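# Understanding the architecture of this molecule
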Amino acid sequence: MTDFVISPPARAVLPVRGSDAVFPVRRIYCIGRNYADHAIEMGHDPDREPPFFFQKNADNIDCSGKFPYPPETADVHFEMEMVVALGSGGRDIAEADALAHVWGYGMGLDMTRRDLQGVAKKMGRPWEIGKAFEKSAPMSALIPATEIGHPDEGAITLSVNGVERQAGDLNQMIWKVPEQIAYLSRFYDIAAGDIIMSGTPAGVGPVERGDVLIGRVDGLGDFTTRVT
Ligand code: MN
């Protein structure tokens, strides 16, 4: 038994739909500009330039259904994304083998302090201050791939106060899920417990306190987040 000099921090976990068991989270990788229409709205060429990833912290996950408006910003945006949860990992994983490492799928919001991210981009600085803050990753429960397979097409949408704001199709991903896993595994030892936020379709925009966000992905259901 290890003696800790302080109490060890709580492990980040995601609930599993229809189960009392939980999924332990190790890392969160997030791909940038992975739907062409979103790349265009952010002022970039949607051509297939190499993918890029940033990370959020595992303890940024929140499944309470509430998103507290964060400090030091006046422009917080929603980005609705499908979440991919890995049950195993490795290095240099081939695309053809990648989906065998996926344990399940869920939905998440890559909440972004867009004003701070904009300053970081302009100054050539890291993005963490805009992306990896407290409760910046509201998420749904996961659903095992053994139940739903591996979604690669179907609508992904987000409504705000009943008005649809984001709409795309999983088949519009520039880098598909197996390609994302293969690419990440060239640079990192990816592992069980890692999750990937697989990108957002066009239509991102700001939230205000009181907003009700409902994200949907075909085959995964929906999840609701209230901005408090
Ligand atoms: Mn995103």
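See the structure printed just above.
The notes below deal with the structure included here. Within every chain, residues take consecutive numbers counted from 1 along the sequence as written. Where totals are concerned, whole chains, interfaces and linings use all residues; where local detail is concerned, this predicted model gives features only for residues with pLDDT of at least 70, and gives and counts side-chain atom pairs only at 80 or more. With hydrogens and water excluded, all non-hydrogen atoms of the structure serve as input to the side-chain values.

## Regarding the side chain of Ser198
- Secondary structure follows DSSP: runs of H or I at least 4 residues long count as helices, runs of E at least 2 residues long count as strands, and numbering of each begins at the N terminus. For Ser198, the position within the fold is in the loop between strand E15 (195-197) and strand E16 (205-206).
- Each residue's exposure class comes from its accessible area (1.4 Å probe, protein chains only) as a fraction of the maximum for that residue type: buried when under 20%, exposed when over 50%, partly exposed otherwise. Assessed through its relative accessible area of 0%, Ser198 is described here as buried.
- Polar contact is the term for a pair of N or O atoms within 3.5 Å; when the atoms are in protein, one must be able to donate a hydrogen and the other to accept it, and sequence-neighboring residues count only if both atoms are side-chain atoms. Side-chain polar atoms of Ser198 contact the backbone oxygen of Met82, separated by 2.7 Å.
- Each residue touching Ser198, except ones within four places of it in the same chain, is listed here: Ile31, Asn34, Tyr35, Glu81, Met82, Val84, Met173 and Gln180. For this analysis, residues touch if any pair of their heavy atoms sits within 4.5 Å.

## A word on the environment of Glu128
- Within the fold, Glu128 resides in helix H4 (residues 128-131).
- Counting along the chain gives 83 residues from Glu128 to Asp45, while the straight-line C-alpha distance between them is 23 Å.

## As for the sheet that holds strand E10 (residues 112-113)
- By this definition, two strands are paired if DSSP reports at least two bridges between them. Here we have three strands laid out as an open sheet, ordered E10-E7-E16, and antiparallel in their pairing. Since the sheet does not close on itself, it has two edges, and those belong to E10 and E16, each with one partner.
- Where strand E7 (residues 76-78) meets E16, two bridges bridge the pair, whose relative direction is antiparallel. Each bridged residue has a counterpart across the sheet, and for Phe78 the counterpart in E16 is Gly205.

## Examining helix H3 (residues 114-123)
- Those residues of H3 not exposed but buried are Arg114, Gln117 and Ala120. All buried residues of H3 lie within an arc of 120° about the axis, which places them on one face of the element.
- Elements that come into contact with the buried residues of H3 comprise E7, E10 and H4.
- Looking at the residues trailing H3, positive phi occurs at Gly124, about 70°. When we speak of the arc, we mean the arc of directions from the helix axis to the C-beta atoms.

## Notes on the sheet that holds strand E9 (residues 102-109)
- Read from one edge to the other, the open sheet built from six strands follows the order E4-E3-E15-E8-E9-E12, with strand pairing classed as mixed. This sheet does not close on itself; its edge strands, each paired only once, are strand E4 (53-56) and strand E12 (143-144).
- Summarising the sheet, strand E8 (residues 80-86) and E15 pair through three bridges and their orientation is antiparallel. Looking at the pairing, Val84 lines up with Ile196 of E15.

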